[in-house]
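# Geometric and topological summary
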Amino acid sequence: NLRDALVVPAPEEGGGYYGVLAQGASRWLESKLEPGTRIGLGLGRTISHIPRFFTVTQKMDCTFMEVVGGSSEHSGGIAKYNVTSKMAEIAGGRAELFYAPNFVSSSELRDNLISEPSIAAALERARHCDIVIQSVGTVDETAILYIEDRISRMDLTRLQKSGAVGDALGNYFDAEGHPVSTFLDNRVIGLSLGDLQKIPWSVVVAGGTEKHRAVRAGLMGGYFNVLVTDTQTASYLLLDKIQTGLDSR
């Protein structure tokens, strides 16, 4: 049920995925960008590399915005505000920043924050994006919340035992793409899985062996309708689809 896909060569052994995937995402976005387009950006290491490759043939009136609250300053160099502003500057458009944390300590605090008029308005604008570009998270030591020390190794184990194999914007799902209820429910400020299903162009940019299960599950759940990935991940998905079809006979 993909609306579009772009497959890039897998990096050579020892090479990094972030650059090749970000370059592919830039190429895809350049082909779809039009005056008036509203582009939402998720949070992730791959997304942070997109401004390195993004270009436009002419400046245009468009808007880049965040669709999830900001990461901390200790997130391994992921500076989402800079990414959003840089993309808007390159395109000649404007940036709309999301002044809220991406993860809070309790559901009560989240409820209070999203009731603030400025944050509620930012979320509503995000829901009306034409394009949302994000990556997909894993449930292991590479997870951003784990890197930021927001969750512990024991918490990762709890997430795995709940059946979670990946997340989109901090919202977890199982191997078949069904939402998973976890102890992190209602503590993330940003678009929900249901919101992603309504975005006209919901783009996931992800690749590498460690992302295989999460990418497959996110596609099964219908949270993404555009895939930017590498040849190895694309082959994995196609072989899985063939095997699934054979098993159902």
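As a reminder, the structure under discussion sits directly above these lines.
Bear in mind that the values here come from a model prediction, so they are computed numbers and not experimental data. Residue indices begin from 1 for each chain and proceed along its sequence in written order. Reporting of local features is limited, given that this is a predicted model, to residues whose pLDDT is at least 70; pairs of side-chain atoms are given and counted only at 80 or more, and all residues count toward the totals for whole chains, interfaces and linings. Values shown for side chains rest on all heavy atoms present in the structure; no hydrogens or waters enter the calculation.

## Considerations on the overall build of the protein
Regarding its fold elements, the protein presents ten helices and ten strands. Throughout this description, buried means an accessible area under 20% of the type-specific maximum (1.4 Å probe, protein chains only), exposed means over 50%, and partly exposed covers the range between. Taken over 249 residues, the protein has a buried fraction of 49%. Contacts spanning at least 24 positions in sequence make up 73% of the contacts within the protein whose residues lie at least 6 apart. Carbon and sulfur atoms make up 50% of the accessible area of the protein, which amounts to about 12,000 Å² in all. Numbering of helices and strands runs from the N terminus, with a helix taken as a DSSP run of H or I at least four residues long and a strand as a DSSP run of E at least two residues long. It only takes one pair of heavy atoms within 4.5 Å for two residues to be counted as in contact. The accessible surface values rely on the Shrake-Rupley method and a 1.4 Å probe; as for residues, cover is taken only from the protein chains in view.

## Considerations on the packing of aromatic side chains
Whether two aromatic rings pair depends on their centres lying within 6.5 Å, for rings of Phe, Tyr and Trp, where Trp uses its six-membered ring; planes under 30 degrees apart make the pair stacked, over 60 edge-to-face, and the rest tilted. Under the defined criterion, the tally for this structure stands at three aromatic pairs. Only when the NZ of Lys or the CZ of Arg is both within 6 Å of the ring centre and within 35 degrees of the ring normal is a charge said to sit over the ring. We note Arg3 situated over the ring of Trp201; from NZ or CZ to the ring centre the distance is 3.5 Å.

## Some details on the environment of Val188
If you trace the backbone, Val188 turns up in the loop between β8 (171–173) and α8 (193–196). In the structure, Val188 is positioned 78 residues away from Arg110 in sequence and 7.2 Å away in space, judged by C-alpha atoms.

## A word on the state of the cysteines
Disulfides are defined as cysteine sulfur pairs within 2.5 Å. Enumeration according to the criterion identifies zero disulfides in this entry. For the unlinked cysteine Cys62, the closest cysteine sulfur is that of Cys129, found at 12 Å. Cys62 gets classed as buried once you look at its relative accessible area, which sits at 1%.

## Section: the sheet that holds β8
A pair of strands counts as paired when DSSP detects no fewer than two bridges linking them. Ordered in space as β6-β7-β8, the three strands form an open sheet in which the pairing is antiparallel. Each of the sheet's edge strands pairs with one partner strand only, and the pair in question is β6 (137–138) and β8. Two strands pair when backbone bridges link them, and strand β7 (residues 166–168) and β8 are joined in this way by three bridges, in the antiparallel orientation. What sits directly across from Ala168, in β8, is Asn171.

## Quick notes on the side chain of Arg110
Counting through the fold element by element, Arg110 comes out in helix α4 (residues 107–114). The exposure class of Arg110 is buried, given its relative accessible area of 16%. If near-sequence neighbours (up to four positions away) are discounted, Arg110 is found in contact with Val104, Asn186, Arg187, Val188 and Ile189.

## Some words on the pattern of salt bridges
Here, a salt bridge means any Lys or Arg side-chain nitrogen found within 4 Å of an Asp or Glu carboxyl oxygen. Here the structure, examined in full by the defined rule, presents eleven salt bridges. One salt bridge in this structure joins Arg125 and Glu96, with 2.9 Å as the shortest N-O distance. Of this pair, Arg125 sits in helix α5 (residues 117–127) while Glu96 is found in strand β4 (residues 94–96), placing the two residues 29 residues apart along the sequence. On the basis of relative accessible area, Arg125 is assigned to the partly exposed category, the value being 33%. Glu141 is the salt-bridge partner of Arg153, the closest N and O atoms lying 2.6 Å from each other. Here Glu141 lies in the loop between β6 and α6 (144–147) and Arg153 lies in helix α7 (residues 153–161), a separation of twelve residues in the sequence. Taking the relative accessible area as the measure of exposure, Glu141 reaches 41% and is therefore partly exposed. One salt-bridge network, held together by shared partners, links Arg38, Glu96 and Arg125.

## Regarding the pairing of strand β5 (residues 131–134)
Both faces of the sheet carry side chains from a regular strand, because those side chains alternate between them. Here β5 shows two buried faces, one formed by Ile131 and Ile133 and the other by Val132 and Gln134. Both strand β2 (residues 38–41) and β5 contribute to a ladder of three bridges, which runs parallel. Residue Ile39 lies in a different strand from β5, and its bridge partner there is Ile131. Direction of pairing for β5 relative to strand β9 (residues 201–205): parallel, over a ladder of four bridges. Counted as the bridge partner of Ile131 is Trp201 from β9.

## Observations regarding the side chain of Thr63
Looking at the element boundaries, Thr63 is found in strand β3 (residues 63–66). Whenever a nitrogen or oxygen atom comes within 3.5 Å of another N or O atom, the pair is scored as a polar contact, on the condition that within protein one atom can donate a hydrogen and the other can accept it, and that pairs from neighbouring residues in sequence are kept only if both atoms are in side chains. Of note is the side chain of Thr63, whose polar atom sits 3.2 Å from the side chain of Arg94. When sequence neighbours within four positions are dropped, the list of residues in contact with Thr63 reads Thr37, Arg38, Ile39, Arg94 and Glu96.

## Points about unusual backbone geometry
For Leu169, which is not glycine, the phi dihedral falls at a positive 55°. Along the chain, the position of Leu169 falls in the loop between β7 and β8. Given a relative accessible area of 12%, Leu169 falls into the buried group.

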